[in-house]
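Residue strings, one per chain:
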Amino acid sequence: MAEKKTTTKETAAKKTTAAKKTTCKKTTSCSTKAAVATTVDYNAENVGFKAGDVYQALATAEKALTIKEIAKAAKISEEETLLGMGWLFKEGKITTAEGKVALV
């Protein structure tokens, strides 16, 4: 019976080690294969700051941009871009046309 427990522990240790293996490419840094979940607490203040980032990106560009372009220009994620856009839509400061977002 003691042997079975040892075997089970060894198998579990091998599975854990296998899940933590990293992959490295020559031009990029190492990363783990397992997906890491991140959580961000959004509140009105945080979303307001993202709205400001979106507004500044559009104002600087002086033209309509796609969501990806706004996220890249503002250096925020696409999810954060959408949250900021929602804030600006509510305030009536942006509009959309042909898949692009522009200031009103």
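Owing to the predicted nature of the structure, the values given are computational and were not obtained by experimental measurement.

Student: Tell me about the confidence of the model for the protein, and name the residues and values.
Tutor: Looking at the protein as a whole, its pLDDT mean stands at 80, while 64% of the residues score no less than 70. Every residue in residues 15-22 scores below 50 in pLDDT, and together they form six contacts with partners more than four places removed in sequence or on other chains.

Student: Residues and numbers for helix α4 (residues 78-91), please.
Tutor: Taking 1.5 Å of rise per residue, 14 residues should cover 20 Å, and α4 covers 20 Å from first to last C-alpha, within 8% of that figure. Considered for burial, the residues of α4 that qualify are Glu80, Thr81, Gly84, Met85 and Leu88. The arc that holds every buried residue of α4, seen down its axis, measures 140 degrees, which confines them to one face. Across from the buried face of α4, at angles greater than 90 degrees, the exposed residues are Glu79 and Lys90. Remark: Gly92 follows α4 within two positions and exhibits a positive phi of approximately 75 degrees.

Definitions and limits used
- Residues numbered from 1 in each chain as written.
- Predicted model: local features only at pLDDT ≥ 70, side-chain atom pairs only at ≥ 80, totals over all residues.
- Heavy atoms only, no water.
- pLDDT = per-residue confidence, 0-100.
- Contact = heavy atoms within 4.5 Å.
- Helix = DSSP H or I, 4+ residues; strand = E, 2+ residues; numbered from the N terminus.
- Expected span 1.5 Å × (residues − 1).
- Buried < 20%, exposed > 50% of the residue type's maximum accessible area, 1.4 Å probe, protein only.
- Arc of directions from axis to C-beta.

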